[in-house]
Amino acid sequence: MSMIVCPYCFARFTSRRLQFRCLQSPHGTRTGQPCPSEVDGPLTQFLGRATPVRSGPVFSANGNRARTPCPTCGVITSKRVCPQCHNDLPGGYANMHGRIIALVGPKTSGKSTYTTILVRELRTRVGNAFDSAVNVMDDRTAAEYADRERRLYDEGQLPAATAPAGTDLVYPLLFRFTLRVRRFLRTRSRSSSLVFFDTAGEDLETADSTARHVHYLAEADGIILLVDPLQFGPVRDALNGRVTDMPKQGTPPDRIVAIIGQLIRDRRNRSGGSRLDIPLAVALTKVDLLPPLLDEGSRLLRCAWHDGALDRADLREVDDEVRAHLQDWDEGALRRQVEADFSRHAFFALSALGGEPDMQDHGKTTPKGGIRPIRPEDPVLWLFHLFGLIRAKKEH
Amino acid sequence: MAIQEFHYTSAESGLRGSPGFQFVKAPADADPSVLRQVESLVAYEPPRSAPARPTAEDLERMPVSLSYSRLPDGSAVLCNTTYTGLDYSGRSGNFYAHALYLSEGPQALGMQAVEAWRSPSWQHSADEPPRAGPALQPGPVMTTARAQAFCADRHARLACFLSDVLRGFDPGDGKQVIVVEDEADDVAMWLYVACASLPAALAERLTFTTYTRRPYLSPHAVIGISPDADFSFSYAEIAHHYRVHHLDPDRSSPADPLEWAEIAAEVWRACRIDLFSSAYGWLPDPGVVDSGYVDELTGVLATAAAAHGLWLPARGVVSAVTWATSRTGQDAERFWGGLMETAVRRHEDIPLALLGAMCQAASRAGETGTGSLVAVLVSRLVAAVTEEEPDGGTTRWLLARLRAEPELARVVAARTRSGLDRVLSGPLPVARVLWLARLAEALGLEDTLLSTGERILGPALLHGPETDAVAEYLAEHADRHLRDRVLDYLNEVATHEPEVLLAALPGSSPVALWLATADLTGRSVLIVTLDLVRARAEGTAGDNVTAFQRVMTALRSEPNVLPAGAVIDLAIKVVWNGTPVSVREAAELVHLVRVPETVRESGLWALCLALLANSGALDRDVTGLAQSLRQIAARDRSSREEPLVVLIAVTGRLNGVTTLADLCEAVSLLGRQPPIPQKLRVAAEETLLGWYLDPLRLREWSQRLADELGCLARYGGRRLIGEYVRHARERLSREVRKSAELLACCFALWWPETDGGADDWSEARQVLLADVLAPAVKKLGEERLVTAGDRIHRQRREMYPEWRHWLDQQRTRGRRLGLPWLIYKKSP
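Residues numbered from 1 in each chain as written. Chains lettered and ligands numbered in written order. Predicted model: local features only at pLDDT ≥ 70, side-chain atom pairs only at ≥ 80, totals over all residues.

Looking only at helices and strands, chain A has ten helices and 18 strands in total. In terms of C-alpha radius of gyration, chain A reaches 22 Å, essentially the compact-globule figure of 21 Å for 396 residues. In terms of overall dimensions, chain A has a C-alpha envelope of 75 × 55 × 50 Å along the principal axes. Per-residue burial for chain A yields a buried fraction of 46% across its 396 residues. (Helix = DSSP H or I, 4+ residues; strand = E, 2+ residues; numbered from the N terminus. Rg over C-alpha atoms; globule rule 2.2 N^0.38 Å. Buried ≥ 20, exposed ≤ 12 C-beta atoms within 10 Å, placed from the backbone.)

Written out as structure tokens, the structure is:
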């Protein structure tokens, strides 16, 4: 029996309390008739709908079991739902520890692009290094991720702008992260579910919209804050003319950190002066644009070689270097805000595309030289290490 | 303001002040909550199959999302969202939503929401200049002609779609309708058709979106999606959660069309969508759409369609008639004319009871020209009478109408005669025949009924539960010829089965009352029978024999008198009516009739024989009847005497005047064991042997006794002689031991050999002497034996020596046999 957090409504409950939904199969029923649909009140409430949502009957049974017969029709079902919101949980979700990772950042910081590339890297290069596997857990994620990956890698199209949560419900992307662990003489697989929330930049611009639409931050096990360095004045000045598509300045990153910190404190009923123990990974994106501002041979421009374990020394040096640059770019405002609000934090630098998007008539496309991500996995691996999913190299 | 406009897109600047998705235009005084509600309704995602780098033409072809939403406070939001591709920063995924917030509800639009499809009033980018004129103009696409062409193309799915839309209003069981089309224009057309088919009040409540990629999140009642939408088309979703309409039938929900929808589809097929508004004109807002409202909707639409001559499925015709019939005096009058024509044309689809109710309702409504409908009703009633009972209310009304309108009756009669003839020639329950008879009478077709007189009405008058109804009908309505047929039938019954008639004629029954007033001339048997019934009811009929004489007198006085035997037989049946004739009554009847031939022909002879056979005892009445019959038989030289009659007549009255011939005949009959009942035979034997062995008679010393015994010896046979011996042992053994005279008489009777006697008798007399008389010798004593010897010497001197000899034999027989006793006597 394990504690589960619903990835949709964030209710916490033991796996035994999981409920089942009847499949309403027409075959093999006890009565010869499939169960009729019912108005699902909790699901209707979750979706915020005036019109009722109809679905298969939900019934209680021992949630630890993978499958159980419907008490009405007798057909065996394996579809388990959250007892709170009645959303269908992916198969296997109840049997592994879930980790919710919130991905936040201002508009145009590249969150959607980063998410797509990160998963691709975890599945391929990083997976190879850690002997791990990452795969989607539910149909919704599969369709969404496949669409994004196809458009990005096959068609060279950057992901569409993420619509604000105010226009539509934000569903998480659910992945299963499986790692082969060698302990004593045995090799075992350890799985953990990863729940990524991709947030629209618009939702983080004000405290009001953040509180209304990004409330899952308070339930996250780790937060990755993507910071567009082009939002800093000195960087914009230094790169003026070199960057074809200079974004408008939006909400300052330290303001976003403050908003997030206050939201989490409010949700967790914490005092204003307390530091939060949620790990916060602050990652500078688009680092491929920064060589003019970096030292020659900067670690920020080369990928780390983890080789089955997290290279903490490398990350520490990256952290130091980013802190130093931030001191120059915003006089340490972001660093100080992070240190003030989060007890566990680290600074990273990455580039999802590895180059500046190509601007065509029909929109932005992937760089002409192809997608060559720089350190996209570092924030996630740091979080994985804190979660205890991967080990770190010993430092000498 | 009743209408507020909002524009939402991803822009570099807008009302929020920073780049990104936001409202770019909105009223300055817009409520923030309204902004949030509108924002939640504008989302757009292009289809997954959309090209990654859409050209301008591609963008034109992107599905447009026209969504219409109702908010809990009664306000509505109509939003037109188009995909614009790139946003200000060159990223794809941008859309432009132009929303109208209708704070006071959709009435402010002045048209159906779906008519705003492709409206020129919609803005598709923030760069377009503001329009002048009204807030919203109807689009050019939504025309009746296009809708009709669309329905003709999708007719197979139309009824199912409309059904699901209407069911969607059911708060308890309504499901969202998902329409899968390649083009959002087709979804919009579906919606246009649905809104045009529904009452305006419902159409205003029908929320929809012409396109969304994520139908699971759509709150609308009708959701348009493209085939590649995020919808899994699982069995549970198709069969249970939603009502899915896909071009591929395998991906559609099972069809379950409502009758209303089938009618609506026919209205579309007939290109008469004006009928929708015409039909729904007076319908109020239903509030809750329940089955009652759906029935109402079905009825009124069916009525309007039928009244305008549209072809409808059978149940649609029924619904129309049902609806119109139940609303006489309300708004249904405007449909009556056309509806009646349709009813005449499609009458076979309308249940008979409903057709009747419709006729009545139309008449009540003062409709003229109901004659054709009445004619159809009569034809249907006549044709159906073999299978179902006509409705009482309808038939009463119909008969009254036909009687009141002779011209109508004449027209209907011409169309009904053959059908009436046909059904009346077959078997029918009486109640239905009566109804048909009344109908025929009302139509002036009485001649068709004549065959039913003796075949149905006559028997029904005598049997069954409809007797009173038939009598009442005959008394009040029936045609004279029909009555004659029935009376003839009754006379026949009275002649051949009078008991049947009598059973049906208790004095105060409707049948009797009708017959009392009917003209019975020439039906003599019926008259006599009724007269007897009446006399009995009045208590003047006397006993049965008296009544018999009365009936006989009456029957013989009728001009068409029956043969004598038949008259007697009939009289017996009439008088006794199934009750048994007693032996005494039978004897009296025989005396009354006298004539042997008549007695035999009438069945009286057989009746008497049966009575004798069943009598069992030879009492006075039985013997008297047998003697009467014997006298009748004696006069009838042509016939042979019945053994039964002879035996009873002789043995029942044995006395001194009984001739030796009769006695011999009786003995002979018993000796031959005639085929007469055992009980009667035993009684006769008992009587006969009692006569033979009567001690008083035995003491008479008459020659007659010897003659009688000779008769027994010659004709009695072994069995009867054996019985004689047995009776003699039982009756005389004790008497003989007490009476020397009886001993002497018996010896004189039994000792001599009888002339012509059989060997059986020789053996019997030896047994009688040994077993009856010999024991008495030892008991009587010497003195009384001497007395007996003197008696024999005096009466039969010639037998005295034999007596002495026999007596000595009896005296010595014991000694010879009693050797032990002898030894005892001689011993010292």
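All names here are of chain B. Taken together, nine strands build an open sheet; the order of strands is β2-β1-β5-β4-β3-β7-β8-β6-β9 and the sheet is mixed. Strands with a single pairing partner mark the edges of an open sheet, and in this sheet they are β2 (20-25) and β9 (242-245). With respect to the sheet, helix α4 (residues 155-167) is in contact with β6 (176-180), β8 (222-225) and β9, its orientation differing from that of β9 by roughly 155°. The sheet contacts of helix α5 (residues 184-197) involve β3 (65-70), β6, β7 (208-209) and β8, and relative to β8 the element is tilted by about 160°. (Pairing = 2+ DSSP bridges. Contact = placed C-beta atoms within 7 Å. Axes fitted to C-alpha atoms, helices over the stretch in contact; angles between N-to-C directions.)

Between chain A and chain B, the residue contacts involve 39 residues of the former and 34 residues of the latter. Classifying every residue of the side of chain A that touches chain B by side-chain character gives 13 nonpolar, 13 polar and 13 charged. (Nonpolar A, V, L, I, M, F, W, Y, C, P; charged D, E, K, R; others polar.)

Moving on, we get to helix α34 (residues 703-715) of chain B. Residues and elements named next belong to chain B. Taking 1.5 Å of rise per residue, the 13 residues of α34 would be expected to cover 18 Å, and the 18 Å separating its terminal C-alpha atoms lies within 8% of that figure. For α34, the set of buried residues is Glu 708, Leu 709, Cys 711, Leu 712, Ala 713 and Tyr 715. Immediately downstream of α34, the backbone of Gly 717 shows phi near 80°, a positive value. (Expected span 1.5 Å × (residues − 1).)

Residues and elements named next belong to chain B. Inspection of the secondary structure puts Val 317 in helix α11 (residues 314-325). Sequence separation between Val 317 and Ala 440 is 123 residues, and the spatial gap between their C-alpha atoms is 30 Å. Once residues within four sequence positions are removed from consideration, Val 317 is found in contact with Ala 306, Leu 312, Thr 342, Arg 346, Asp 349 and Ile 350.

Right, let's get into helix α15 (residues 392-404) of chain B. Residue and element names in this part refer to chain B. The terminal C-alpha atoms of α15 lie 18 Å apart, and with 13 residues this matches the ideal 18 Å at 1.5 Å per residue to within 8%. Inspection of α15 places Thr 394, Leu 398, Arg 401 and Leu 402 among the buried residues, and these make up the whole buried set. All buried residues of α15 fall inside an arc of 95° around its axis, so they share one side. For α15, the exposed residues lying more than 90 degrees away from the buried face are Gly 392, Gly 393, Ala 400 and Ala 404. In this fold, the buried residues of α15 make contact with α13 (352-364), α14 (371-384), α16 (406-424) and α17 (430-443). (Arc of directions from axis to C-beta.)

This paragraph deals with the sheet that holds strand β6 (residues 58-60) of chain A. Residues and elements named next belong to chain A. Strand order in the open sheet formed by three strands is β6-β3-β9, and the pairing between neighbours is antiparallel. Two strands close off the open sheet at either side, each with one partner strand: β6 and β9 (80-81). Sheet topology places strand β3 (residues 19-21) next to β9; two bridges connect them, and they run antiparallel. Counted as the bridge partner of Phe 20 is Arg 80 from β9.

All names here are of chain A. Following the sequence through the fold, Val 338 ends up in helix α9 (residues 333-341). What makes Val 338 buried here is the crowd of 23 C-beta atoms within 10 Å. Val 338 sits 56 residues away from Val 282 along the chain, and the two C-alpha atoms are 8.5 Å apart. If we skip the residues at most four places from it in the chain, Val 338 touches Val 257, Leu 280, Val 282 and His 345.

Moving on, we come to the nonpolar core. Grouped together as the largest cluster of nonpolar side chains are 254 residues, with contacts concentrated most on B:Ala99 and B:Ala571. It is α5(B) that provides the largest number of residues to this core, a total of eleven residues. Apart from the residues within four sequence positions on either side, B:Ala571 is in contact with B:Phe548, B:Val551, B:Met552 and B:Leu555. Listed in part, the 87 residues of the second largest apolar core include A:Phe196, A:Val235, A:Ile264 and A:Phe384. (Core = buried A, V, L, I, M, F, W, Y, C linked by C-beta atoms within 7 Å.)

All names here are of chain B. Topologically, Trp 751 is positioned in the loop between α36 (740-750) and α37 (759-780). Taking the C-alpha atoms as reference points, Trp 751 and Glu 128, 623 residues apart in sequence, are found 161 Å from one another. Once you skip the residues sitting within four places of it in the chain, Trp 751 turns out to touch Leu 769, Met 799 and Glu 802.

Moving on: unusual backbone geometry. Residue and element names in this part refer to chain A. Although it is not a glycine, Lys 286 sits at a positive phi angle of roughly 50°. A positive phi angle is found at Glu 331, which is not glycine, with a value near 60°. Tracing the backbone through its elements, the reader meets Glu 331 in the loop between α8 (312-330) and α9. Glu 331 sits in the exposed class, given 12 other C-beta atoms within 10 Å.

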